[in-house]
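A look at the structure
Each chain, written out:
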Amino acid sequence: MTMTEDQVQQIVIDIINEIAPDEDTTGLKPEVNLRDQMDLDSMDFLDIVMELRKQHGIEVPEEDYPELASLKSCSDYLTPKFNAE
Amino acid sequence: MPSSLDQQHYETVIIGAGMAGLAAGIRLALAGKNVIILERHNASGGLNSFYSQAGRKFDVGLHAMTNYVPKGTKGTPLTKLLRQLRIPYDALDLSPQNCSRIHFPDCQLGFNNEFAFFEAEVARAFPKQIDGFLALAEEVRTLDAFNLGSMPSSARTAVQRHISDPLLEDMIFCPVMYYGSAQEHDMDYGQFAIMFRSLFFEGFARPLDGVRVIVKLLQDKYRSLGGIRKMKCGIQKIHTSGGRATTIELDNGASISADKIISTAGAVETARLCTDQLVDAESDNIGQLSFTETITVLDKQPTEFGWDDTIIFFNTAERFRYARVEDDLVDPSSGVICFPNNYQYGEDRQLNEGFLRVTAMANHDKWCALNEDDYLAQKSHWYDELQKVTLGLLPRAKKNLNFEDHRLAKDMFTPRTVRKYTGHLNGAIYGAPNKIKDGRTHLENLYLAGTDQGFLGIVGAMLSGISMANLHVLQGD
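Residues numbered from 1 in each chain as written. Chains lettered and ligands numbered in written order. Predicted model: local features only at pLDDT ≥ 70, side-chain atom pairs only at ≥ 80, totals over all residues.

A closer look at the overall build of chain A
Secondary structure summary: chain A contains four helices and zero strands in total. Secondary structure elements in chain A, listed N-terminal to C-terminal, are α-α-α-α. Radius of gyration (C-alpha) of chain A: 12 Å, near the 12 Å computed for a compact globule of 85 residues. Principal-axis analysis of the C-alpha atoms places the extent of chain A at approximately 30 × 25 × 20 Å. (Helix = DSSP H or I, 4+ residues; strand = E, 2+ residues; numbered from the N terminus. Rg over C-alpha atoms; globule rule 2.2 N^0.38 Å.)

Encoded structure:
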């Protein structure tokens, strides 16, 4: 089954809810950097990468971490990876 | 007889089940790593541990957890660490302090978890210094503690740029040093900033049941994630080859291998475990500061005596001297008094008995050279001396209550105890004076975390474990 960009964004939101339960993820703007909308730091992004690997078997090499900056960039970068499985 | 661990291989071996080791273990277990924590003792917690005596539970280490912020505060060390460990805030059961004091001859400064109160106290006692104090506070607030740039690295020098009265300078350094400086007389300005923030901008809190709440929380979390922990499992040697750690030889003769090792045993202590190092390696980086602490159990709450403070940092000498004790077993001229009862535990929640703890600097070598009889006699002598100093500083007991009449039990730990529980050379509570901030060692797959990596306090120790596990094992994995 092919994943849509919306589904991939939802996966990222679910992960953020899990690793940062005190952050409000409702109404996030897809084009705006996640860091500008929530209190996330580099340690939190490491956890997003960790959960993508654990829950979905998706590998994000360190040099690609900047691709996770916004929900839109996440789905641009991750959707092909999900669909390549 | 080699144990069942013999010939096992792990992705990461963590040496030490203190705050840093447990926190690092949780991070690695969260990532699904095959990780084991090896601990020499039969209890977790390291320096921050607890014991029972005559059915009574005693804490070691924790007077107050620094870095306290109320639930929901963003971006502070405590919030970051809870998120990284996926532990809910409420699980720590933190209750904030009442009020603490810095008590010097003819001068006292109160502080609590609101910085404005401390500021007002400085303005009251040192009206000419308040502008400098505020400038210092602002600098400390915004400083990058791990990259000082053009700032002086000596905290004394840095503080003297803002504060010209040596009394105020000493009064600021007293709590900051007592709660985490491994260096004598002075400290690194970055470390000073970390401590200043954790004490004065953030604050003190404590779980009602003490440090065991935190240790148990970490242990349970680690175990629930499938992490393995082996107690009573000391390490004899780390075998090396070509700049790498290859195998770890345990006290019982078993040998295990690991891709990476995170050691919380201390910088010098870890180096000396390695087969490619001399037994006296890095002797210039051994900590010189050790402490003694008396614990008194009372049949009344401290407030019934009129003692309402949470922590009192005291100095009775002309200048505050934070350095190894040279010619006696204990230096009673400065120290820390703590009443674990005096936290805001809420309605109907309070420790059943009253507790008074007094900490002072002590000479490790002299304590360790005593034979058993002398050791006990000296403990008794110095217990009395420290109570004398303490009672001289505290307000006179209400209703003429006699302290001795209400004492149910007493105990005392010395540098000998510290050495036993932490394994730190010299019983140095805060470890080596020169911290290894990137956690790297002479071996490419052996890293340091905990006290000697340079984060301070309980929260700092946990953050150290987290950041070293992230940096050296998880990042770019």
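Observations regarding the overall build of chain B
On a plain count of helices and strands, chain B comes out with 13 helices and 18 strands. Radius of gyration (C-alpha) of chain B: 22 Å, near the 23 Å computed for a compact globule of 477 residues. Counting only C-alpha atoms, chain B reaches 65 × 55 × 45 Å along its principal axes. Classification of the 477 residues of chain B by burial places 52% in the buried group. Sequence-distant contacts, at least 24 apart, represent 74% of the contacts inside chain B between residues at least 6 apart. (Buried ≥ 20, exposed ≤ 12 C-beta atoms within 10 Å, placed from the backbone. Contact = placed C-beta atoms within 7 Å.)

Section: the sheet that holds strand S7 (residues 107-111) of chain B
Residues and elements named next belong to chain B. A sheet is described by the order of its strands in space; here seven strands give the open sequence S7-S6-S14-S15-S16-S13-S17, paired in mixed fashion. What marks the edges here is a single partner per strand, and that holds for S7 and strand S17 (407-413). Pairwise comparison of adjacent strand axes, ignoring direction, gives a mean angle of 20° for this sheet. Looking at chain direction, strand S13 (residues 290-298) and S17 are connected through six bridges and run antiparallel. Across the sheet, residue Thr 294 finds its bridge partner in S17, namely Met 412. Here helix H6 (residues 166-178) sits on the sheet in contact with strand S6 (100-104), S7, strand S14 (311-315) and strand S15 (330-338), set at roughly 130° to S6. The strands that helix H11 (residues 372-393) touches are S6, S13, S14, S15, strand S16 (354-362) and S17; relative to S15, the one it contacts most, it runs at about 60°. (Pairing = 2+ DSSP bridges. Axes fitted to C-alpha atoms, helices over the stretch in contact; angles between N-to-C directions.)

Let's talk about the environment of Val 159 of chain B
Residue and element names in this part refer to chain B. Tracing the backbone shows Val 159 in helix H5 (residues 155-160). Sequence separation between Val 159 and Leu 136 is 23 residues, and the spatial gap between their C-alpha atoms is 6.8 Å. In contact with Val 159, other than residues within four places in its own chain, are Leu 136, Glu 169 and Ile 172.

What to know about the packing of helix H1 (residues 5-19) of chain A against helix H4 (residues 71-83) of chain A
When two helices pack together, their arrangement is given by the angle between the helix axes and by the axis-to-axis distance. Residue and element names in this part refer to chain A. Following both chains from N to C, one finds H1 and H4 inclined at 110°, their axes separated by 8 Å at the closest point. The angle between the axes of H1 and H4 places the two elements in the roughly perpendicular class. Contacts between H1 and H4 involve Glu 5, Val 8, Gln 9 and Val 12 from the former and Leu 71, Cys 74, Ser 75, Leu 78, Thr 79 and Phe 82 from the latter. Grouping the amino acids of the contact of H1 with H4 by side-chain chemistry returns six nonpolar, three polar and one charged. (Parallel < 35°, antiparallel > 145°, perpendicular 65-115°, else oblique. Nonpolar A, V, L, I, M, F, W, Y, C, P; charged D, E, K, R; others polar.)

Some thoughts on the packing of helix H2 (residues 77-85) of chain B against helix H13 (residues 457-474) of chain B
Residues and elements named next belong to chain B. Remark: H2 packs on H13, axes separated minimally by 10 Å, with the N-to-C direction vectors making an angle of 45°. Classed by the angle they form, the pair H2 and H13 counts as oblique. When the axes of H2 and H13 are compared, the crossing they make is left-handed. In contact with Pro 77, Leu 78, Leu 81 and Gln 84 of H2, H13 contributes Val 459, Met 462, Leu 463 and Ile 466. Per-class residue counts for the contact of H2 with H13 are seven nonpolar, one polar and no charged. (Left-handed = near helix turned anticlockwise from the far one by under 90°.)

With respect to the interface of chain B and chain A
Contact with chain B, which involves 13 residues of that partner, is made by ten residues of chain A. When contributions to the side of chain B that touches chain A are tallied by element, the ones reaching two or more residues are H2 and H13 of chain B. By residue number, the principal contributor to the side of chain B that touches chain A is H2 of chain B, which donates three residues.

Quick look at the pairing of S15 of chain B
Residues and elements named next belong to chain B. Within S15, eight of the nine residues are buried, which leaves the element mostly enclosed by the surrounding structure. Bridge count for S14 against S15 is five bridges, and the pairing is antiparallel. The residue of S15 that forms the bridge with Phe 314 is Gly 335.

Description of helix H7 (residues 189-202) of chain B
Residue and element names in this part refer to chain B. Between its first and last C-alpha, H7 extends 18 Å over 14 residues, near the 20 Å set by a 1.5 Å rise per residue. Along H7, the helix axis deviates most sharply at Phe 196, where the bend reaches about 25°. Buried residues dominate H7, accounting for 13 of its 14 residues. Positive backbone phi, at 155°, marks Gly 203, one or two positions downstream of H7. (Expected span 1.5 Å × (residues − 1). Bend = angle between axes of the 7 residues up to and from the residue.)

Comments concerning the nonpolar core
Grouped together as the largest cluster of nonpolar side chains are 163 residues, with contacts concentrated most on Val 13, Ala 23, Ala 24, Met 65, Val 176, Ile 261 and Met 462 of chain B. Not counting residues up to four positions away in its chain, the partners in contact with Ile 261 of chain B are Val 13, Ile 15, Ile 238, Ala 245, Ile 248, Asn 445 and Leu 446 of chain B. (Core = buried A, V, L, I, M, F, W, Y, C linked by C-beta atoms within 7 Å.)

A closer look at the domain arrangement of chain B
Domain annotation for chain B reports domain 1 (9-66 + 211-285 + 433-474), domain 2 (112-198) and domain 3 (288-421). Residue composition of the side of domain 1 of chain B that touches domain 3 of chain B, by class: five nonpolar, five polar and one charged. (Domains from an automatic or database assignment.)

Side note on H11 of chain B
Residue and element names in this part refer to chain B. Helix length check: H11, at 22 residues, gives a terminal C-alpha distance of 32 Å against a target of 32 Å (1.5 Å per residue), a fit within 8%. Those residues of H11 not exposed but buried are Lys 379, Trp 382, Leu 386 and Thr 390. Across the axial projection of H11, the buried residues extend over an arc of 85°, all falling on one side. More than 90 degrees from the buried face of H11, the exposed residues found are Asp 373, Asp 374, Ala 377, Ser 380, Asp 384, Lys 388 and Gly 392. Buried positions along H11 lie against S13, S15, S16 and S17. (Arc of directions from axis to C-beta.)

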